[in-house]
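Coordinates in review
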Amino acid sequence: MASPAPLRGRQVLLAALIGGALGAAVALMLKTVVSNTPAQVSPRTYVIFFVIFCAFGGLAGLTLEAVRQLQERNPDPAYHRKPRTAARRQSPQRPRPRGEEPKGD
């Protein structure tokens, strides 16, 4: 059995950086919103929010890219099938009872 290909670390780190940048953008947006309200918030709280949002954004980006790469390399054919969508399936339509017309404008 062949050994699985390793993860591409640069792509994972890039995804983490992009996620962290998006988290920073959300944190700055929330800082702007909160600073324009009458609420009193200490500067330390803003820093904590900024760190938390950046960390969780980076973690989300890292996780999404790592899982995507793992699924891409999985030999199981179930991972490589195209998913069925609800639009493809044709459900049988029930006949309407007599005397009922569809409501329209």
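Just so we're clear, the structure is a prediction, and the values are computed from it rather than from any experiment. Throughout this document, residue positions are counted from 1 along each chain, in the order its sequence is written. Reporting in this predicted model follows two pLDDT cut-offs: at least 70 for local features of residues, and 80 or more for side-chain atom pairs to be given and counted; totals over whole chains, interfaces and linings ignore these cut-offs and use all residues. As a rule here, side-chain values come from all non-hydrogen atoms in the structure, and water together with hydrogens is ignored.

**Re the overall build of the protein chain**
- Secondary structure assignment for the protein chain yields 2 helices and 0 strands.
- In this scheme, a residue with accessible area under 20% of its type's maximum is buried, one over 50% is exposed, and one in between is partly exposed, where area comes from a 1.4 Å probe on protein chains only. Across the 105 residues that make up the protein chain, the buried fraction comes to 14%.
- Residues are treated as being in contact if the distance between any of their heavy atoms lies within 4.5 Å. For the protein chain, contacts bridging at least 24 residues in sequence account for 72% of all contacts bridging at least 6.
- Of the roughly 9,500 Å² that the protein chain leaves accessible, carbon and sulfur atoms contribute 63%. Working definition: helices are DSSP H or I runs of at least four residues, strands are E runs of at least two. Numbering for both runs from the N terminus. Only the protein chains shown count as covering a residue, and every accessible area follows the Shrake-Rupley method with a 1.4 Å probe.

**Looking at the side chain of E65**
- Looking at the secondary structure, you find E65 in helix α2 (residues 43–73).
- The exposure class of E65 is buried, given its relative accessible area of 13%.
- For the purposes of these results, a polar contact is taken to be a pair of N or O atoms within 3.5 Å, where, inside protein, one atom must be able to donate a hydrogen and its partner to accept one; residues adjacent in sequence count only when each atom of the pair is a side-chain atom. At 2.7 Å, the side chain of E65 forms a polar contact with the side chain of R68.
- Setting aside anything within four residues of it in sequence, one finds E65 in contact with Q11, V12 and A15.

**Overview of the packing of helix α1 (residues 9–35) against α2**
- For helices, the axis comes from a line fit to the C-alpha atoms of the stretch in contact; other axes are also lines fit to C-alpha atoms, and the angle between any two N-to-C directions lies between 0 and 180 degrees. Their axes nearest at 6 Å, the elements α1 and α2 cross at an angle of 150°. By the angle between their directions, the pair α1 and α2 is classed as roughly antiparallel. The handedness of the crossing between α1 and α2 comes out as right-handed.
- Residue classes in the contact of α1 with α2 are distributed as 16 nonpolar, 9 polar and 3 charged. Angle categories: roughly parallel below 35 degrees, roughly antiparallel above 145, roughly perpendicular from 65 to 115, and oblique for all the rest. Crossing handedness follows the turn of the near helix against the far one: under a right angle anticlockwise gives a left-handed crossing, and clockwise gives a right-handed one. Residue polarity is assigned by list, with Asp, Glu, Lys and Arg as charged and Ala, Val, Leu, Ile, Met, Phe, Trp, Tyr, Cys and Pro as nonpolar; anything else, Gly included, falls into the polar class.

**A closer look at α2**
- Between its first and last C-alpha atoms α2 spans 45 Å; for 31 residues at 1.5 Å apiece the expected length is 45 Å, and the two agree.
- Among the residues of α2, those classed as buried are Y46, G57, G58, G61, E65, A66 and Q69. Expected helix span is taken as 1.5 Å per residue step, with the number of steps being one fewer than the number of residues.

**Concerning a nonpolar patch on the surface**
- Candidate patch residues must exceed 30% relative accessible area and have no salt bridge, after which like charges are joined if within 9 Å and Val, Leu, Ile, Met, Phe, Trp or Tyr side chains if within 5 Å. Each reported salt bridge corresponds to a side-chain nitrogen of Lys or Arg within 4 Å of a carboxyl oxygen of Asp or Glu. A cluster of nonpolar side chains, I48, I52, F56, L59 and L62, forms an exposed patch at the surface whose accessible area comes to about 440 Å².
- Position of F56 relative to the elements: it lies in helix α2.

**Focus: the pattern of salt bridges**
- Tallied over the entire structure, the rule returns 3 salt bridges.
- When the shortest N-O distance is used, the salt bridge between E72 and R8 registers 3.6 Å. Highlighted residues: E72 in helix α2 and R8 in the segment before α1, separated in sequence by 64 residues.
- On the basis of relative accessibility, which here comes to 40%, the residue E72 falls in the partly exposed class.

**Things to note about α1**
- Between its terminal C-alpha atoms α1 stretches 38 Å, which fits the 39 Å expected from 27 residues at 1.5 Å a residue.
- Those residues of α1 lying buried are V12, A15, A16, G19, G20, G23, A24 and A27.
- Summarising the contacts, the buried residues of α1 are in contact with α2.

**Quick word on the environment of R68**
- Structurally, R68 is set in helix α2.
- Sequence spacing of R68 and V12 is 56 residues, and the spatial spacing of their C-alpha atoms is 9.8 Å.
- Excluding residues that lie within four positions of it along the chain, R68 makes contacts with R8 and Q11.
- Looking at R68, its side chain comes within polar contact range of the side chain of E72, at 2.9 Å.

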